[in-house]
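Analysis of the macromolecular model
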Amino acid sequence: MQHFQESIYQLIVETSTNLPADVREAIQAARAREDAGTRSALSLSTIADNIRMAECNVSPICQDTGMPTFIVHCPVGANQIEMKKQIIAAVAQATKDSKLRTNSVDSLTGANSGDNIGPGTPVIHFEQWERNEIEAKLILKGGGCENKNIQYSLPTELEGLGKAGRDLDGIRKCILHAVYQAQGQGCSAGFIGVGIGGDRTTGYELAKHQLFRAADDVNPNDELRKLEEYIMDNANKLGIGTMGFGGQVTLLGCKVGVMNRLPASFFVSVAYNCWAFRRQGVLLDPATGAITKWAYRKGEELPMQKDEPAAASESGERREVVLQTPISEEQIRQLRVGDVVIINGPMHTGRDALHKYLMDHDSPVDLNGAVIYHCGPVMAKDAEGNWVVKAAGPTTSIREEPYQGDIIKKFGIRAVIGKGGMGAKTLKALQEHGAVYLNAIGGAAQYYAECFKKVEGVDFMEFGIPEAMWHLQTEGFAAIVTMDSHGNSLHADVEQESREKLAQFKEPVFV
Ligand SMILES: O=C(O)C[C@H](O)C(=O)O
Ligand code: SF4
């Protein structure tokens, strides 16, 4: 098995940097359905650019490379202890090479292990089979979409949909509700895996396993096939759209699996995966561990199409405002929801640990007129020992809702960039203080990394690389105003509209 570790390393690199062809196909189809020039169409075109860049740079598609989860099938007698050691070594190497972000954090102290290795990480499942080959599959599912997983216990009462009973129609309602509750926060348009039955643990496991099915396969169970088709036809009527900007395409795939349950329990578990649906697999020679075949069609088979120039020109109607940091209140008050803002100048990253810290401490840098970017980047040092940004898309902003309004006022921040939007408390602070919330395209980590021309410095390295406060010299960072200083929030609007649309699915369908 002299090649096993190297093969697993290749699997990790391929999964993190190159979306497979079936996922690309689903994204291309979504692009064809959105009207040119709309926010959703523009976002999908940025997503397509980002997929191309990640492949070309051999760098992470999204900075959140998730919880590395391996499922390994091996012949009877294969040495699983040895394989496990080599998988762990390959994960550590891929992290060192900036193909994975340092993503393993001590839950009590917050300390980052720095190499993705720690109690419970990576996740490795072994199963024996009677074939004379090894199959290793990997999914890199990020934290933002993981937070949008949801488990229902039937019977229940669902917002907008009424009673969901212990039958196929109740399951149908749960799945639609799962898509609704995710809004844009899991970087829609997404893929969902659904597990019917099991207990709380195996139900979620079954849901996650569905994500390993090819996006274009057909469910062999006729009832489940009909359910999947129904969901694909109807979930998109919710109008949530790419990144929750509104639009025709909210869901890119739906796969449903079933297992037995206890008489007293009826769980419907939903695993939500962002568009950056990173999963791949390899078949290996059991003697050498060399790769004999890839489990999913590789990305190269389906190059992402570039936008027609005509489509780009339609976006010309959108107001574009270039801002140099620090930004004044007057400049901010002129911005409205829907404007595209291009930011130049110094910008600072800050996410969970920093926001908590700033509540009762001073900032190490002056934040008056500043832009805070909710982002946990992948960083590396170049040959001269200088930090460079390797991947840097936004993180889900709503986690900072308890702090953000107070911090904006305390430090005089004028713009917050993130994704998925924020709540009423932040909206009020934006209005009172004169600040805006800018939505960047979640997952577009290569696209945004290019905007960071220089790393000026870093504070709080003790929080770990993703949570540290990076000071970045920025050029041409584009984001959309989705919450302005006049009380308008695109997120609140889309959520309300989709809640109203959800009610059209109240009546029974599968009886
Ligand atoms: O941790 C991150 O960088 C992003 C996260 O996956 C998110 O979607 O919020
Ligand atoms: S930022 Fe978005 S694309 Fe990246 S892992 Fe999180 S949910 Fe997925």
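Note that the coordinates shown come from a computational prediction; the quantities given were computed from them, not determined experimentally.

Attention now goes to the domain arrangement of the protein. Taken as a whole, the protein is organised into domain 1 (1-142 + 303-314), domain 2 (143-273) and domain 3 (318-492). Its C-alpha centre places domain 2 at a distance of 32 Å from the equivalent point of domain 3. Taken together, the contacts link 6 residues of domain 2 with 13 residues of domain 3. Carbon and sulfur atoms supply 63% of the area buried between domain 2 and domain 3, which totals about 790 Å² over both sides. At the boundary of domain 2 with domain 3, the tally comes to 0 salt bridges. Joining domain 2 to domain 3, the criterion identifies 1 residue pair in polar contact (both at pLDDT 80 or more).

With that settled, the discussion passes to the site of ligand 2. Of all residues adjacent to ligand 2, which total 14 residues, the nearest are Cys62, Gly142, Cys187, Cys274 and Arg278. Considering only residue class, the shell around ligand 2 consists of 6 nonpolar, 5 polar and 3 charged.

Now for unusual backbone geometry. With an omega of 0 degrees, the peptide bond running from Leu154 to Pro155 counts as cis. Mapping Pro155 onto the fold places it in the loop between strand E4 (150-153) and strand E5 (156-158). With an omega of -5 degrees, the peptide bond running from Thr325 to Pro326 counts as cis. Mapped onto the elements, Pro326 comes out in the loop between strand E12 (320-324) and helix H10 (329-333). Even without being a glycine, Ser98 presents a positive backbone phi close to 60 degrees. The phi dihedral of Cys187 is positive, around 55 degrees, even though this residue is not glycine. Relative to the elements of secondary structure, Cys187 occurs in the loop between helix H6 (168-182) and strand E7 (190-196).

This part takes up the UniProt feature "domain: Fe-S hydro-lyase tartrate dehydratase alpha-type catalytic" (unreviewed entry) in the protein. Residues annotated by UniProt as "domain: Fe-S hydro-lyase tartrate dehydratase alpha-type catalytic" (unreviewed entry) correspond here to residues 6-280. Taken end to end, residues 6-280 has its terminal C-alpha atoms 15 Å apart, with 38% of it in helix and 21% in strand.

One pass over the structure, following the stated rule, counts 30 salt bridges. The residue Arg213 makes a salt bridge to Glu228 at a minimum N-O spacing of 3.1 Å. Of the two residues, Arg213 is situated in the loop between helix H7 (200-210) and helix H8 (222-235) and Glu228 in helix H8; the sequence distance between them amounts to 15 residues. Grouping residues by exposure puts Arg213 and Glu228 together as buried. Overlapping salt bridges, with partners in common, bring together Glu25, Asp216, Arg297 and Glu301 in one network.

The next thing to look at is the sheet that holds strand E8 (residues 251-258). With mixed pairing, the 4 strands of this open sheet are ordered in space as E4-E9-E7-E8. Among the strands making up the open sheet, the edge pair consists of E4 and E8. Across the sheet, the axes of successive neighbouring strands diverge by a mean angle of 15 degrees, strand direction being ignored. Judged from the 7 bridges that link them, E7 and E8 form a sheet pairing that is parallel. Following the sheet pairing, Gly193 is matched in E8 by Lys255. Relative to E4, H6 is tilted by about 145 degrees, and along the sheet it contacts E4, E7, E8 and strand E9 (267-273). Across the face of the sheet, H8 comes into contact with E7 and E8 while running at roughly 155 degrees to E8.

Here we take up the site of ligand 1. Surveying the vicinity of ligand 1 reveals the residues Gln63, Asp64, Arg101, Gly143, Gly144, Arg351, Thr395, Thr396, Arg399 and Lys419. Taking Gln63, its side chain carries an N or O atom lying 2.8 Å from an oxygen atom of ligand 1. Between Lys419 and ligand 1, the recorded distance is 2.7 Å, taken from a side-chain N or O atom to an oxygen atom. For ligand 1, the protein covers 94% of the area, taking 270 Å² as the surface of the free molecule. Its residues assigned to classes, the shell around ligand 1 comprises no nonpolar, 5 polar and 5 charged. Both domains that meet at the shell around ligand 1, namely domain 1 (1-142 + 303-314) and domain 3 (318-492), each give it at least three residues.

So, how was this worked out
- Residues numbered from 1 in each chain as written.
- Chains lettered and ligands numbered in written order.
- Predicted model: local features only at pLDDT ≥ 70, side-chain atom pairs only at ≥ 80, totals over all residues.
- Heavy atoms only, no water.
- Domains from an automatic or database assignment.
- Contact = heavy atoms within 4.5 Å.
- Buried area = accessible area lost by both parts, 1.4 Å probe.
- Salt bridge = Lys/Arg side-chain N within 4 Å of Asp/Glu carboxyl O.
- Polar contact = N/O pair within 3.5 Å; in protein donor to acceptor, adjacent residues only side chain to side chain.
- Near = heavy atom within 4 Å.
- Nonpolar A, V, L, I, M, F, W, Y, C, P; charged D, E, K, R; others polar.
- Helix = DSSP H or I, 4+ residues; strand = E, 2+ residues; numbered from the N terminus.
- UniProt positions renumbered as here; feature names shortened; annotations may be inferred.
- Buried < 20%, exposed > 50% of the residue type's maximum accessible area, 1.4 Å probe, protein only.
- Pairing = 2+ DSSP bridges.
- Axes fitted to C-alpha atoms, helices over the stretch in contact; angles between N-to-C directions.
- Areas by Shrake-Rupley, 256 points an atom, 1.4 Å probe, with all protein chains shown as cover.

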